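What follows is each chain in one-letter form.
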Amino acid sequence: MALHLSTPAPVAKPDPMVSYRRLLRLLSDNAPMASFDTLAEDIRREAGEAAFSGALIDDIAIAVRLRENSEQKRKREGELSALYETARDLAALRDTDQILRAIVQRAKQLAGSDIAYLSAADGEHGDFYVRATEGVVSRDFAAIRVPRNIGVCGTVARSRSPFQSSNYPADTQFDHDRGIDHATAGEGIISILGVPLALETQVIGVLFVGDRYVRSYTPHEIAVLSSLATFAALAIENARLLEEAQRALGMARQANAALQAKAEDVEEAAIAHEQLTELVARGGSLEDLTRRVSFLLKGEACMLDDRRRVTCGLIPQHVGDEDIGRAIRESDHLGRSVCLRGSDGSVTIVAAVMGGSARPGALLLTRPKELSESETRTLERSALVSGIVLMSLERVAQTAYRNVSDIVSALLRGSTDPFSLEGTRRLPNGVSLTWPISLLLVDAGDVPATQISSAVRSCLTARDTIFAEFNGDVVIVTTTSDPNALAVRVSDALDDAFRQPFSIVISAPVPALDRVPVEYQALRRATGLLGNLGQKGRIVFEKTVSIYALLFEKKSDDAIEQFVMSTVGPILDHDLRRKSRLAATLLAYMDNGHSLQKAAVALGIHVNTMRQRLESIGQIAPWWSDASRTLDIHLALRLHAIGRAA
């Protein structure tokens, strides 16, 4: 049997075309460098010592260099594109902070770093502060402020050249700051590169990239970051120049607007001055002035007198009387107007009116918005004009008052009939008086009659009334049909002005000149009686007290009290002790003709009560029913009642 040995199968030779196709595919796919190394190892293992293997390995090396060149060009293209985008952003003059954020984003991308940030110089504080970041996660890091002599930032600023550290925490080439090291440790920064933002000889900032591992930065990366830093410096400088230009432009606009406003204010002030001068020249009234001020200053003006009463216009509702009084005093002291603000947002400007040494009142203006300087001067000038108008009116009033004073003096002496055809020519314009007249005498007390006259002038402006001072009294002459109502108005005015009561006595109608002196003396006796009785603030008709005034005309001040107490003193003492009304009961009984029924009706009590009271009076003062003393008792009770009247 024959032995047959098997023949081994022939080994296939590697095909170089297959390897070339793999190489071309790697180049086409832009495969990573490791793929080329793998292809070279496969060829060495499969081709062995084949003649073509050496050439194929060399071709792979050429392909690798081509791949590296392509990668470098692509990277360079990306860098140039980033620089171009940055330059375009800068040329477009967009928001500076947006440009700086874009620069740090591109720096991080181009350097392949974990973070990037930009620190700008603070000229006011002399340090650097973080202005833009990318990849930063710590809040403390964004708040870093670096002195010029500390850390990488200080080193770059002093040397004006890039500086890098592959081990920032342990690097001793620069001075560390505990706060800054804490912030960088919070970000985990190990490696860092800083390039200066230089502008001529000045470093205005530093652009940083950092990584959380140990690495070095190539010269090419430093060059690219330096270019970005240049763009950042230009952006910051352009922003500064643009800001200065805008500020200068704004200041120029403001100056131009101020000049325009000033010119308009001057023109308005000139118009206001011209109108106020014209108003004074033609003798305008306070009402005319108030309306003119309201029109010129586009508000509501009003005039107050020296007692803060409204003379014309309307007083603002949102401002209290105390605030107005305080503002008038302050305006008087400063010589300028004072502004009061209302709860509704409006303003009330108060300017004291000055008339010589006196302060006759104030001018107020209310409107929704504040006054400009020129408008304020116009208001203050209007207040001055108001003083001139008031002084002019006062002079006219004084002239008229002197004429009236002469008329009243002649009337009270009975020497001249002022209401005759000849006498009426001397009366003030608009005043018309005829017989009969009524006289009102104001008991001035300790207050000078001139002050009384000034206080009552505003309520005595009717055409049927004149008044004047005479022998220290204030005498009012009137033909009004209701002299009591006139007396009430005068009393209210005096009470408001002086905060104390004044008595006023009213005469009966006086039919002719020869009766005037007699009635005047009767009025004086009546005021004297009221004074002796301690009465103030009374308004009485002279005829109601005439008999008593006549009886005690020349008696001492305490004569009335002595007469009353000696006549009905026990009854008055009993009323005071027991709080009874025996004196009033006896007076009602005598006033009603000793009629029990009428007296009881007058007092509103029962007849039996009336009888019981009279019996009580008889026990206290048995002499009351003595016919010879009835007149004295009646007179004493009447004087006592007058003295007790409110």
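Basis of the calculations
- Residues numbered from 1 in each chain as written.
- Predicted model: local features only at pLDDT ≥ 70, side-chain atom pairs only at ≥ 80, totals over all residues.
- Heavy atoms only, no water.
- Core = buried A, V, L, I, M, F, W, Y, C linked by side-chain atoms within 4.5 Å.
- Buried < 20%, exposed > 50% of the residue type's maximum accessible area, 1.4 Å probe, protein only.
- Helix = DSSP H or I, 4+ residues; strand = E, 2+ residues; numbered from the N terminus.
- Contact = heavy atoms within 4.5 Å.
- Salt bridge = Lys/Arg side-chain N within 4 Å of Asp/Glu carboxyl O.
- Pairing = 2+ DSSP bridges.
- 1 Å grid on protein atoms, 1.4 Å probe; cavity = no way out; pocket = protein on both sides within 12 Å on 5 of 7 lines; lining within 4 Å.
- Points joined across faces, edges and corners; volume = space filled by probe spheres on them.
- Nonpolar A, V, L, I, M, F, W, Y, C, P; charged D, E, K, R; others polar.
- Arc of directions from axis to C-beta.
- Polar contact = N/O pair within 3.5 Å; in protein donor to acceptor, adjacent residues only side chain to side chain.

J.: I would appreciate a short explanation of the nonpolar core in the present structure.
T.: Where a protein is soluble and globular, its nonpolar side chains tend to be buried together. Counting 31 residues, the largest nonpolar core has Val408, Leu412, Ile437, Ile466, Val475 and Val477 as its most contacted members. Those elements giving two or more residues to this core turn out to be helix H11 (373-413), strand E12 (438-442), strand E13 (465-470), strand E14 (473-478), helix H14 (516-532) and helix H20 (630-644). If one sorts the elements of this core by residue count, H14 sits on top with six residues. Isoleucine 437 has contacts with Leu411, Phe419, Val477, Thr478, Thr479, Ala508, Pro509, Val510 and Val516, leaving out every residue within four places of it along the chain. Within the second largest apolar cluster, 29 residues are counted, among which are Leu118, Ala120, Ala132 and Ile222.

J.: I'm lost on the pattern of salt bridges in this one. Help?
T.: Should their charged atoms come close, side chains of opposite charge can pair. For the structure on display, the rule yields 16 salt bridges. As a salt-bridge pair, aspartate 97 and arginine 131 come within 3.0 Å of each other at their nearest N and O atoms. Pair noted here: aspartate 97 is in helix H4 (residues 96-111) and arginine 131 is in strand E2 (residues 127-134), with a separation of 34 residues, a long-range link. On the basis of relative accessibility, which here comes to 31%, the residue aspartate 97 falls in the partly exposed class. Arginine 215 is paired through a salt bridge with glutamate 221; the nearest N and O atoms lie 3.1 Å apart. Here the two residues arginine 215 and glutamate 221 agree in accessibility, since each one is buried. Linked through salt bridges whose partners overlap, the residues forming this network are Asp122, Asp127 and Arg145.

J.: Would you mind going over the pairing of E2 with me for this structure?
T.: Working note: regular strand, side chains alternate between the two faces of the sheet. Bridge count for strand E1 (residues 115-122) against E2 is seven bridges, and the pairing is antiparallel. Bridge pairing links serine 119 to valine 130 in E2. Two successive antiparallel strands, E1 and E2, enclose a turn made up of four residues, where glycine 126 displays a positive phi of approximately 75°. Both E2 and strand E3 (residues 145-147) contribute to a ladder of three bridges, which runs antiparallel. Bridge assignment links aspartate 127 to a residue of E3, and that residue is proline 147.

J.: Just checking my understanding: could you explain empty space enclosed by the protein for this structure?
T.: If a probe the size of a water molecule is rolled over the atoms, the empty space left behind becomes visible. Tallied over the entire structure, the rule returns one cavity of 30 Å³ or more. As a volume, the largest cavity reaches approximately 130 Å³. Lining the largest cavity we find 15 residues, and of these Tyr117, Val146, Cys153, Ile180 and Phe208 sit closest to its centre. Only E1, helix H6 (151-159) and helix H7 (178-187) provide two or more residues apiece to the lining of the largest cavity. Per-element accounting of the lining of the largest cavity gives the leading share, three residues, to H6. Of the residues that constitute the lining of the largest cavity, the class distribution is twelve nonpolar, three polar and no charged.

J.: I keep staring at H7 and nothing clicks. Help me out?
T.: Because the α-helix completes a turn every 3.6 residues, residues three or four places apart line up on one side. Those residues of H7 lying buried are Ile180, Ala183, Thr184 and Glu187. Down the axis of H7, the buried set is contained in an arc of 95°. They therefore lie on one face. Exposed side chains of H7 directed beyond 90 degrees from the buried face belong to Arg178, His182, Ala185 and Gly186. Looking at the packing, one finds that the buried side of H7 touches E1, helix H5 (139-142) and E3. With a side-chain oxygen lying 3.0 Å from the backbone nitrogen of glycine 179, the N-terminal cap of H7 falls on aspartate 177. Immediately downstream of H7, the backbone of glycine 188 shows phi near 75°, a positive value.

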